[in-house]
Amino acid sequence: MFPSRLVGIDIGSHSVKLAEVIPRGKEIYLSAFGVKPIPDNSIVLREIIDRHAVVEALKEARGAGKIRGQNAIITLSGPGTFVKRVQLSGVKLRELPNVISWEAAQWLPFRVDEAELDYEVLGVEDSSVDFLLVAAKKSMVQSYIGVVREAGFDPQVVDIDVLALQNLYRLSYGHRSPQVVALLNVGDSITSINIFNGAGTLFVKDIFLGGEVLTKSIQNRLGLSRSEAENLKVSVSSGGLPPEVKEEMDDFIIFFAKQIDESIKEWFSENPSVPPLASVVLSGGSSGLPGFANSLGKILQVNVETLSNIDTIRLQKGLDNIMRSTFPMAAVSIGLAARRGLL
Ligand SMILES: Nc1ncnc2c1ncn2[C@@H]1O[C@H](COP(=O)(O)OP(=O)(O)OP(=O)(O)O)[C@@H](O)[C@H]1O
Ligand SMILES: [Mg+2]
């Protein structure tokens, strides 16, 4: 009998990513991976607009990646989700379940009775509890579970992009130190910032900006179709690009890096007791933009690297070549499927 397989499903606005992991003790064994682009506007601000297109993409990614597992763990991010570290005084740990809903109502950008709530306790003192509050809109959870079921998977757990990534980072880098690290998942429509240290998450924020803005500006500047602009953007290193595209790319990278810098600096200025950022680690498809890591490093004045340490992950034969270039984009789905590695 085969050991059970878990499929991490990351449904992005640009593509769906499916990573299948088989547990082997504490080791992560990536047995299969599939990715499939989805048609433009099938998902807008994380809302599934075209269910059929997403279900088809999931089925095709499963076929292309030779995914055999059915048990799935899915991820959410964006406006229908909420992650915040909360320190609550005057409350004992055993009282937390009774007050979580009231506490969440103070913070959530949507109604608490419309939300699925969860929390992870990060620290306890005599009469205060430090915890990570995680919430997602019920309608969003149902919508994502619906398409995943329709594609033939059996969704077991719902997670949040940044937490899946943090899990993968820990498994890859073994991060337990007090050093403050920012993980940036730079996608097509959303860039998620997660600042954390060895003790847990400190700050999470989604910026609604990603590679699609650059695709659109190349499209407009050169009068191309979306796929032509996309191909131009990803196929050549910046050195071989037409000058107009290079100009669009350089402008975008500077603008983008400044937006990220602003969000990060704002949080640090509000939290002066937190030690400065030790490093930034990038994932997501748009982390591959030529020169992006370098520009971001200069603006943030910190070391920026791309998530690439896959030594701790064992790969099915044939996946090593694919993962050399795809790992940053696949990271959320792999982190999801590897979730139980920490348990
Ligand atoms: N080598 C590359 N260079 C530059 N951009 C790239 C490269 N490879 C992929 N991209 C861009 O990365 C983006 C897709 O990244 P990713 O798969 O992380 O997004 P997603 O998860 O589908 O979207 P979302 O932002 O909704 O989460 C697209 O904009 C794509 O053009
Ligand atoms: Mg994504």
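Residues numbered from 1 in each chain as written. Chains lettered and ligands numbered in written order. Predicted model: local features only at pLDDT ≥ 70, side-chain atom pairs only at ≥ 80, totals over all residues. Heavy atoms only, no water.

## Digging into the nonpolar core
Consideration 1: Grouped together as the largest cluster of nonpolar side chains are 34 residues, with contacts concentrated most on Ile 195, Leu 277, Val 280, Phe 292 and Leu 296.
Consideration 2: For this core, the element with the most residues is helix H7 (residues 243-270), which contributes 10 residues.
Consideration 3: Sequence-distant contacts of Val 280, defined by excluding residues within four places in its chain, comprise Ala 182, Leu 184, Leu 296, Leu 300, Val 302, Asn 303, Val 304 and Glu 305.
Consideration 4: Counting 28 residues, the second-largest nonpolar core is a separate cluster that includes Val 21, Ile 28, Ala 164 and Ala 331. (Core = buried A, V, L, I, M, F, W, Y, C linked by side-chain atoms within 4.5 Å. Buried < 20%, exposed > 50% of the residue type's maximum accessible area, 1.4 Å probe, protein only. Helix = DSSP H or I, 4+ residues; strand = E, 2+ residues; numbered from the N terminus. Contact = heavy atoms within 4.5 Å.)

## Looking at the pattern of salt bridges
Consideration 1: Considering all chains together, one arrives at 14 salt bridges under this definition.
Consideration 2: Notably, a salt bridge pairs Arg 46 with Asp 161, separated by 3.8 Å at the nearest N-O pair. Of this pair, Arg 46 sits in the loop between strand S4 (43-44) and strand S5 (47-48) while Asp 161 sits in helix H4 (residues 161-173); the two residues are 115 residues apart in sequence, bridging distant segments of the chain.
Consideration 3: For Arg 46, a relative accessible area of 8% corresponds to the buried category.
Consideration 4: Arg 51 is the salt-bridge partner of Glu 150, the closest N and O atoms lying 2.5 Å from each other. (Salt bridge = Lys/Arg side-chain N within 4 Å of Asp/Glu carboxyl O.)

## A word on the packing of H7 against helix H8 (residues 292-300)
Consideration 1: As a packed pair, H7 and H8 sit with axes 9 Å apart at the nearest point and diverge in direction by 45°. It follows that H7 is oblique to H8 by the angle criterion. Where H7 crosses over H8, the two elements pack in a sense that is right-handed. Along its contact with H7, which presents Ile 253, Ile 254, Phe 256, Ala 257, Lys 258, Ile 260, Asp 261, Ile 264 and Lys 265, the element H8 presents Phe 292, Ser 295, Leu 296, Ile 299 and Leu 300.
Consideration 2: When its residues are assigned to classes, the contact of H7 with H8 shows 10 nonpolar, one polar and three charged. (Axes fitted to C-alpha atoms, helices over the stretch in contact; angles between N-to-C directions. Parallel < 35°, antiparallel > 145°, perpendicular 65-115°, else oblique. Left-handed = near helix turned anticlockwise from the far one by under 90°. Nonpolar A, V, L, I, M, F, W, Y, C, P; charged D, E, K, R; others polar.)

## Describing the packing of aromatic side chains
Note on aromatic pairs: each is described by the distance of the centres and the angle between the planes.
Consideration 1: All chains considered together, the criterion is met by six aromatic pairs.
Consideration 2: Residues Phe 203 and Trp 267 carry aromatic rings whose centres are separated by 5.4 Å and whose planes lie at 15° to one another, so their mutual orientation is stacked. Note that Phe 203 is positioned in strand S13 (residues 200-207) and Trp 267 in helix H7, a separation of 64 residues in sequence. Of the two residues examined, Phe 203 and Trp 267, each falls in the buried class. (Phe/Tyr/Trp six-rings, centres within 6.5 Å; stacked < 30°, edge-to-face > 60°.)

## Let's talk about the side chain of Thr 191
Consideration 1: As for its position among the elements, Thr 191 is in strand S12 (residues 191-197).
Consideration 2: A polar atom in the side chain of Thr 191 sits 2.6 Å from the backbone oxygen of Leu 209.
Consideration 3: If sequence neighbours within four positions are ignored, Thr 191 has contacts with Asn 185, Val 186, Lys 205, Asp 206, Ile 207, Leu 209, Gly 210, Phe 256 and Ile 260. (Polar contact = N/O pair within 3.5 Å; in protein donor to acceptor, adjacent residues only side chain to side chain.)

## A short note on the environment of Ser 177
Consideration 1: Along the polypeptide, Ser 177 turns up in the loop between H4 and strand S11 (180-186).
Consideration 2: For Ser 177, a relative accessible area of 27% puts it in the partly exposed group.
Consideration 3: For the pair formed by Ser 177 and Ser 192, sequence separation is 15 residues and the distance between their alpha carbons is 22 Å.
Consideration 4: Ignoring any residue separated from it by four or fewer positions in sequence, one finds Ser 177 in contact with Asn 197 and Gly 198.

## Regarding the sheet that holds strand S7 (residues 81-89)
Consideration 1: Strand order in this open sheet of three strands is S7-S9-S8, and the pairing throughout is antiparallel. Every other strand in the sheet has two partners, leaving S7 and strand S8 (115-125) as the edge strands with one partner each. Neighbouring strand axes in the sheet, compared pairwise and without regard to direction, differ in orientation by 20° on average.
Consideration 2: As judged from the nine bridges shared by S7 and strand S9 (residues 128-137), these two strands associate in the antiparallel manner. Of the residues in S9, the one forming a bridge with Arg 85 is Leu 132. (Pairing = 2+ DSSP bridges.)

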